[in-house]
Amino acid sequence: MDKPHKFTNREIVQILKEVLAAMEVKGFNIFETRAYQNAISAIDNLTSTVYDLWEDKRLREIPGVGATLESHLDELFKTGKVDKFDSVKKGLPEGMFGLIGVRGIGAKKALKLAMAFKLSDRSSAMEKVKLAAEKGQIRNLESFGEKSEKDILDAITEAKMTKNAKKRLLLFQAEEISDRLLNYIKKLNVVLQAESLGSLRRRNPTVGDIDIAVSTNNSEKVIEHFMKYPEIDDVLSKGDKKVSVVLKNDIQVDLRTSDPAAYGSMMQYFTGSKQHNIILRTYSLEKGKSLSEYGITYRNKLYKFSTEEEFYKFLDMQYIPPELRHGKNEVELSLKNKVPELVKLEDIKGDSHTHTTDSDGVDTLEEMVKTAHTMGYKYYGISDHAPSVQSRGYKAVEKIIYEKKEKIKKLNEKYKDIKLFFGYEVNILADTTLALPDGLLKELDYVIASIHTSFDQDREVITKRLINSLENPYVTFIGHPTGRLINERDASDTDWTKVFRAAQSNNKYFEINSQVNRLDLTDDLIKEALEYGLKFFVNTDAHATDQLYYLNYGIDVARRGGCTKSDIINTLNLDEFEKIINSK
Ligand code: DGT
Ligand code: CA
Ligand code: CA
Ligand code: ZN
């Protein structure tokens, strides 16, 4: 019997997306489609392979995979197809499915295009639609237009370009994979030290491949042990001190060993960034010192370094933390002894962007507060999405606010050593106004203004939306200011110079949002904002109690932007923090 195909996560996601599309055009109800939606996003973010989980009978651990989907996947892995999926797709033109997954083409549009251009074959569907778009034949179809024709053309071109290009991992995904691997490696007793380098150590928001360094006097044994790592799928190259492999989840790992005496040099070299190393090398050469992964050669003698600190010291430089090794002005700062002392997670005294079941959170107000209390926070801001005045009416919203105030007051009495603040996250509407009128904003302790819709407006409009919000006396800070979603949505087009000036003259702040696919503001904009003397709130934007623990990802970004403790508002003591909140 043929060995069944080992479906990759990406293939499974595509299969599920196609079934979901078929369900949507056939009018299945939301309860039937939701499981598929949940499973798709869970598998998209999975760091292990679905196939392996299936082999271990652990499919149900994937969020969204219940008994039904489990049996479908079981059938898929055993037979290569799923009867139920085929019957759902029956009667629909095959070409429609060749378009699923292209940005901007949903199920209904895919069907319309397939009907209009008689797309009976999936493999040629994209190419045919591209041709039609180029000929201007799409704009005249019902519910399409010139803009959507152009968007479709862009999306297909992009989809073709990135078809073979791998998506970069989000930092937390790379960290999970690398922690698992380090855990395995460290079980070997000849391993003296092991850690991940490269973009992961620099805390870059995304990671291309994983670089692991091992300090040992027995490289042979380390490599032998590493080669037995059960997640390895393929070996790209193998030497005495260096191996490159691809894991089953399609991620490349480069592992290098070094004897302890030279471990610091190796760490420095493979931490990068490449641009940082280039600048460093140029500077060192001027001093007659030549750099390599083994050490520094000076007057024909090789100096080895067991730590990075010694390495930078030998170059008469102040130590540069990995997060700052961008290849910008950090070498210059180091030579002037002006490397900032970066903010640390332990400096944080509270979180000020959090949701509850009152809006789209999954845990109740008290559950969230209890967790924040356990974490030892001194203060905690509750900032659900504001209830809509448009749909509920002013009076009703006013009532909700008074009731919530009472509730929070009671919790403040119950949890005495943490101070709770009542805020809302208020939408900045497409027409540049805020979704809650001033009369209600003034009832709150603080206000987060955020854009949640119309991200692709023109630069002037986006800029005006942010500036108008910054000019509102009740607004405290702007939430996730660029609106980007990593790998999904670009930052909105914004004139940051104007926005930063507006924040400066109105004494307003920006958020550094710790959600792993946001990390927003971005490090380069933080750096720019610091030049205007601006300060930040680092928040989790938690929608569940466990997300309150992920503030470290926001701190990573703050550090990459060069923030010290005094640049971050929620490192302040309660009384100073309260002054800022009350300054409206
Ligand atoms: P990634 O994997 O795309 O997220 O980014 P990195 O920074 O981890 O890059 P990677 O894995 O290609 O290489 C790891 C580090 O090794 C890199 O940050 C600097 C160092 N490195 C790699 N190639 C070169 C090179 O040609 N010259 C120098 N100076 N350093 C290099
Ligand atoms: Ca790397
Ligand atoms: Ca690498
Ligand atoms: Zn938000």
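Residues numbered from 1 in each chain as written. Chains lettered and ligands numbered in written order. Predicted model: local features only at pLDDT ≥ 70, side-chain atom pairs only at ≥ 80, totals over all residues. Heavy atoms only, no water.

(A) Seen up close, the nonpolar core. Ile-185 and Phe-510 are the most contacted members of the largest nonpolar core, which totals 93 residues. Per-element tally for this core: the top contributor is helix α9 (residues 171–185), with eight residues. Both of domain 2 (169–258) and domain 4 (345–582) provide at least three residues apiece to this core. (Core = buried A, V, L, I, M, F, W, Y, C linked by side-chain atoms within 4.5 Å. Buried < 20%, exposed > 50% of the residue type's maximum accessible area, 1.4 Å probe, protein only. Helix = DSSP H or I, 4+ residues; strand = E, 2+ residues; numbered from the N terminus. Domains from an automatic or database assignment.)

(B) Expanded view of the coordination of the calcium ion (ligand 3). Of the protein atoms, only Asp-209 (OD), Asp-209 (OD), Asp-211 (OD) and Asp-254 (OD) coordinate the calcium ion (ligand 3), at distances of 2.3 to 2.6 Å. Coordination of the calcium ion (ligand 3) draws on donor residues from a single chain, spaced D-x1-D-x42-D in sequence. Between the calcium ion (ligand 3) and the calcium ion (ligand 2), a spacing of 3.7 Å is present, and a bridge between the two is formed by Asp-209. Here Asp-211, found in strand β4 (residues 210–216), pairs with Asp-254, found in strand β7 (residues 252–258); they are 43 residues apart in sequence, far enough to count as distant. Like Asp-254, Asp-211 is buried. (Donors = N, O, S within 2.8 Å, 3.2 Å for Na, K, Ca; no water.)

(C) Local environment of the UniProt feature "domain: Polymerase/histidinol phosphatase N-terminal" (unreviewed entry) in the chain. With numbering aligned to this structure, UniProt lists the feature "domain: Polymerase/histidinol phosphatase N-terminal" (unreviewed entry) at residues 350–430. Segment residues 350–430 splits into 43% helix and 22% strand. End C-alpha atoms: 31 Å apart. (UniProt positions renumbered as here; feature names shortened; annotations may be inferred.)

(D) Spotlight on the sheet that holds strand β11 (residues 350–351). Taken in spatial order, the seven strands of this open sheet run β11-β12-β13-β14-β15-β16-β17, and their pairing is parallel. Each edge of the sheet is formed by a strand with only one pairing partner; in this case those strands are β11 and β17 (536–539). The strands touched by helix α24 (residues 574–581) within the sheet are β12 (379–385), β13 (419–427), β14 (446–450), β16 (509–513) and β17, with β13 carrying the most contacts at an inclination of about 30 degrees. (Pairing = 2+ DSSP bridges. Contact = heavy atoms within 4.5 Å. Axes fitted to C-alpha atoms, helices over the stretch in contact; angles between N-to-C directions.)

(E) Spatial organisation of the packing of helix α21 (residues 496–505) against helix α22 (residues 523–531). Look at α21 against α22: their axes get within 10 Å of each other, and the N-to-C directions meet at 50 degrees. Looking at the two axes, α21 sits oblique to α22. Helix-helix and strand crossings are classified by hand; for α21 and α22 the assignment is right-handed. Only Leu-525, Glu-528 and Ala-529 of α22 make contact with α21, whose side of the interface consists of Trp-496, Thr-497 and Phe-500. Here the contact of α21 with α22 is composed, by residue class, of four nonpolar, one polar and one charged. (Parallel < 35°, antiparallel > 145°, perpendicular 65-115°, else oblique. Left-handed = near helix turned anticlockwise from the far one by under 90°. Nonpolar A, V, L, I, M, F, W, Y, C, P; charged D, E, K, R; others polar.)

(F) Representation of the pairing of strand β6 (residues 242–247). Across the six residues of β6, five count as buried, placing the element largely inside the fold. As paired elements, strand β5 (residues 232–238) and β6 share five bridges and run antiparallel to each other. In the sheet register, Asp-234 faces β6, and the bridge partner there is Val-246. In this structure, the hairpin formed by β5 and β6 is closed by a connection of three residues. With five bridges connecting them, β6 and β7 associate as antiparallel partners. Note that in β7 the partner of Val-243 across the bridge is Leu-255. Where β6 hands over to β7, the hairpin turn is made up of four residues, of which Asp-250 adopts a positive phi near 80 degrees.

(G) Seen up close, the coordination of the zinc ion (ligand 4). Binding of the zinc ion (ligand 4) to the protein goes through Glu-425 (OE), His-452 (NE2) and His-480 (NE2), at separations of 2.2 Å. Motif for the zinc ion (ligand 4), donor spacing along one chain: E-x26-H-x27-H. With His-452 in the loop between β14 and α20 (459–471) and His-480 in the loop between β15 (477–478) and α21, the pair connects residues that are 28 residues apart, well separated along the chain. For His-452, a relative accessible area of 24% gives the class partly exposed.

(H) Looking closely at the side chain of Arg-518. Position of Arg-518 relative to the elements: it lies in the loop between β16 and α22. An unpaired buried charge is present at Arg-518: no salt bridge exists, and Asp-541, the closest side chain of opposite charge, is 4.0 Å distant. Those residues in contact with Arg-518 that sit more than four places away from it in its chain are His-480, Arg-484, Leu-485, Ile-486, Arg-489, Asn-513 and Asp-541. (Lys, Arg positive; Asp, Glu negative; His and termini not counted. Salt bridge = Lys/Arg side-chain N within 4 Å of Asp/Glu carboxyl O.)

(I) Main features of the site of ligand 1. Near ligand 1 lie 16 residues; those nearest to it are Arg-168, Ser-199, Gly-208, Asp-209 and Arg-281. One of the side-chain N or O atoms of Arg-168 is found 2.7 Å from an oxygen atom in ligand 1. Separating an oxygen atom of ligand 1 from a backbone N or O atom of Gly-208 is a distance of 2.8 Å. When isolated, ligand 1 has an accessible area of 590 Å², and the protein chains bury 72% of it. (Near = heavy atom within 4 Å. Polar contact = N/O pair within 3.5 Å; in protein donor to acceptor, adjacent residues only side chain to side chain. Areas by Shrake-Rupley, 256 points an atom, 1.4 Å probe, with all protein chains shown as cover.)

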